[in-house]
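An overview of the molecular structure
One-letter residues, chain by chain:
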Amino acid sequence: MTNYSRLRSNELRYSLPVRWLLAVIAAFAALRGQAQISPVLVVLFAAFAAATTIYFLGPWSLRLRSTAIYWAMQVIDAAFVTGLIATSGGLASPLYLLYPLLGLRTLVYGPDVRGVVWLPFAFGPLYFAALVISYGNLAFVADPLFLTRYLLLLALVVGIVGAGLVLANRLSEVDRLRLALAARTEDLANQARALQRTANDLGDRVLELRTLQEVAKALSATLYLNETLTTVANRLSRLSGSPYCAVALLDEERTDIERLVVAAGSGTAAARQSSQVKASFMAAMVSGRHQVLRGPSNGSGQPDTEWPIAWPVGALEVIPLVARGAPIGALLVGHSQETLGDSSSRSLTESFAYFAATAIENARLYGDVTDRHRELEAVLAGIGDGVIVVDSEAHLLLMNPVAARVFGLSSPPLGVWLADLSPGDDVLQVLEETATSGLVVVRELPIASAGLGADGQPRTFQALAAPLFRPTEAGEEVSGVVTVLRDISAQKELERMKSNFLSVVSHELKTPLHSIKGFVDIFLMGKTGPVTELQRDFLTTVKEQTGHLQRLIEDLLEFSRLESGQIRLRPLLISPAEIVASVADKLTPLASNKGLSLALDVAGLPEIEADPMRLEQVLTNLVENAIKFTPDNGLIRVTGSDGSTMIELVVADSGIGVPAEERERIFDRFYQVDSSARRRYKGTGLGLTICKHIVTQHGGRIWVEAVEGGGSAFHVLLPKMFPVSGADPA
């Protein structure tokens, strides 16, 4: 790449002085008369030297972008030296040494003028031509001096050309390095400018962050909506530098301004009704976009009557407040035409709007939570049951006044460990069981701190404990337990009185019934005299009804004993299959009377710990019910299956079935699906209740399901190991 600036500089520093030296040498030789040098040639060359000097010293050479003129000047200088040698004595002239001088000058042009470095090779032929001109023949070739000078000139030319090539390469490398350095310097300068801009941006950002930090700190100092709105308006005024600032909130329908709070110093103003506000302003409020509105009174100094607030400004900046993806209002900043903010202040106000929207939404949520908390406190204070809420570590979070009275507390000390209040081991066990299992636990608990009941025993409460869950990355975990305590002391007393009444009545009826049945049997045996067929029919009916009444009384007594805890189970290691077979043998005749088939599938059941008599009582009751409620020629199946820790017995029939809405209630005492006086199937309604009581005491569960095609299936789930708490200590 040609460096024209360097070419001009080299021309001024080296080429012009050499050219003037040639002119001086020629003039000196001409004046001494040692040669036949033409004065005209000397004058012309001196004029050439002067012209090139004037050109390169002037401004014209700065615009030169061609190397041809440099080639021309080199050729002219070489031709002038050739002319001097031809007119100054030929071989006798020492001016041939000017050729190497011209060759040395080409060294400085080599990197920028292509091919000029090879010009010195023309000096030998030019010297030869000068001698031919000087002698007019070739006789000088035989002169040894010619050969010596020619070889010397050739050696100098070769050295000069070699040096020129090396210098050209070195200068080219220097130029390349200089260009690379210039490019690198430019890159560094650009990077420095970029870093400076970045530093300035970072400085501005730090200032913005510091400002926003102060704003966030101020907004987090309160959770009340009115205080938050006032803080937002005042901070907005300080941030924007405008005395006219306000915050406006939309109503739930986003059709009107619900609340408007202005900054201190912005004057007192009230929001106009939506009917008086320009439609474009309401559109800007609900659009969720940062906009600048210009009213029709711009610059007049009079308030714009179509804006929601009377400010004498020409433009109104509307910065949206967006919460949960929906606009809730806007920040309003009044401007004159000259005070509209730049992009940096716009970014800062938008960041401020984000913090403000979050603070306003939090204040609203806090207000809603506060209202709901007050409502909850009022509800909890008004209900008649005790309510306790603890966290997963059993620290007290909430206790209503009823629960406080139950535990003998004047006021609930929230945050303490519930065990420190001595509620009783039963209460703590229920809470721990619920927190561990994550299931609802219902338990009847005596609580001594609640006082004594009518029977002189601690009052009894039904505790319903339900877990509270919180979401986690893995799903849900128990975060606490809420427990409702209902005083059932009066209910328990009524049940006790009813049980006592049933027990007394049953015992009182049992003896007369035995007498009645005995006398009827005597009559039927004819020991009192002959009995007619009509009398026998009547006496048989009396005997059957007496037997039915005896069974009813037995059920009542059995239920009374079970409910009062007078009967304790006596578990033994038994075979369920043998119990099922015994029940089937006993009831097969009864089933055959109705044409019913009784099928068993209990092979492979393992031995379990259970009370054999009570388990047989449960199965007998279930199979009898199946026989009773299955039409003639039906099917009854008793099946069993083995689980890991439980076994399951199923008594299924093809009978009338149990309606879905009645399946939970049929295990209640005295409950019957058809309770009318003319019902088809007779019974006390205690059989399934007794079954449930026995199964529950075994630690199992009983329920009923529908059978496809009609009928019912009663499922009995029993543990293989009998629970210790239900066994008779004897």
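The structure this text deals with has already been given above.
The following paragraphs examine the structure supplied in this document. (Residues numbered from 1 in each chain as written. Predicted model: local features only at pLDDT ≥ 70, side-chain atom pairs only at ≥ 80, totals over all residues. Heavy atoms only, no water.)

Details of the sheet that holds strand β6 (residues 386-391)
An order of β7-β6-β10-β9-β8 is seen for the five strands of this open sheet, with the pairing classed as antiparallel. Every interior strand has two partners, whereas the edge strands, β7 (396-399) and β8 (441-446), have only one. When the angles between neighbouring strand axes are averaged without regard to direction, this sheet yields 25°. Sheet topology places strand β9 (residues 460-472) next to strand β10 (residues 475-487); 12 bridges connect them, and they run antiparallel. By the bridge assignment for β10, F461 is matched with D487. Across the sheet, helix α11 (residues 425-437) is in contact with β6, β8, β9 and β10; its angle to β8 comes to roughly 170°. (Pairing = 2+ DSSP bridges. Helix = DSSP H or I, 4+ residues; strand = E, 2+ residues; numbered from the N terminus. Axes fitted to C-alpha atoms, helices over the stretch in contact; angles between N-to-C directions. Contact = heavy atoms within 4.5 Å.)

Brief notes about empty space enclosed by the protein
Summed over the entire model, instances satisfying the criterion amount to one cavity of 30 Å³ or more. Estimates place the volume of the largest cavity at around 40 Å³. Those elements that place two or more of their residues in the lining of the largest cavity are α14 (576-593), β12 (597-601) and α15 (612-629). Per-element tally for the lining of the largest cavity: the top contributor is α14, with three residues. For the lining of the largest cavity, a count of residues per class yields eight nonpolar, no polar and no charged. (1 Å grid on protein atoms, 1.4 Å probe; cavity = no way out; pocket = protein on both sides within 12 Å on 5 of 7 lines; lining within 4 Å. Points joined across faces, edges and corners; volume = space filled by probe spheres on them. Nonpolar A, V, L, I, M, F, W, Y, C, P; charged D, E, K, R; others polar.)

What to know about the pattern of salt bridges
Side chains that carry opposite charge are capable of pairing whenever their charged atoms lie near each other. What the rule picks out here adds up to seven salt bridges. The salt bridge partner of R486 is D385, with a shortest N-O separation of 2.8 Å. Of this pair, R486 sits in strand β10 while D385 sits in the loop between α9 (343-382) and β6, and the two are 101 residues apart along the sequence. Taking relative accessible area as the criterion, R486 reaches 45% and is therefore assigned partly exposed. With a shortest N-O distance of 3.4 Å, K586 and E616 are connected by a salt bridge. With K586 in helix α14 and E616 in helix α15, this pair connects stretches of sequence that are 30 residues apart. Judged by relative accessible area, which is 46%, K586 ranks as partly exposed. (Salt bridge = Lys/Arg side-chain N within 4 Å of Asp/Glu carboxyl O. Buried < 20%, exposed > 50% of the residue type's maximum accessible area, 1.4 Å probe, protein only.)

Section: a nonpolar patch on the surface
Nonpolar side chains collect at one region of the surface, where W118, F121, L147, L151, L154 and V158 lie side by side and expose about 570 Å² of accessible area between them. Mapped onto the secondary structure, L151 falls in helix α6 (residues 144-219). We classify L151 as partly exposed; its relative accessible area is 47%. (Patch = residues over 30% accessible without salt bridge, like charges linked within 9 Å, V, L, I, M, F, W, Y side chains within 5 Å. Areas by Shrake-Rupley, 256 points an atom, 1.4 Å probe, with all protein chains shown as cover.)

Here we look at the sheet that holds strand β2 (residues 257-262)
Spatial ordering of the open sheet is given by β2-β1-β5-β4-β3, a layout of five strands whose pairing is antiparallel. Looking at which strands have only one partner, the edges of the open sheet turn out to be β2 and β3 (291-294). For this sheet, the mean inter-axis angle between neighbouring strands, taken without regard to orientation, is 25°. In the sheet, strand β1 (residues 245-250) pairs with strand β5 (residues 326-335) via five bridges, with the strands oriented antiparallel. Within β5, the position partnered with A246 by the bridge is L332. Its contacts with the sheet place helix α7 (residues 225-240) against β1, β2 and β5, and it is angled at close to 140° to β1.

Let's talk about the packing of α14 against α15
One can describe the packing of α14 onto α15 by two numbers: an axis separation of 10 Å at closest approach and a directional angle of 35°. Helix-helix and strand crossings are classified by hand; for α14 and α15 the assignment is right-handed. Every residue of α15 that contacts α14 at I579, V580, S582, V583, K586, L587, L590 and A591 is listed here: P612, L615, E616, L619, T620, V623, E624 and I627. Looking at the contact of α14 with α15, its residues break down into 11 nonpolar, two polar and three charged. (Left-handed = near helix turned anticlockwise from the far one by under 90°.)

Geometry only, nothing functional implied.
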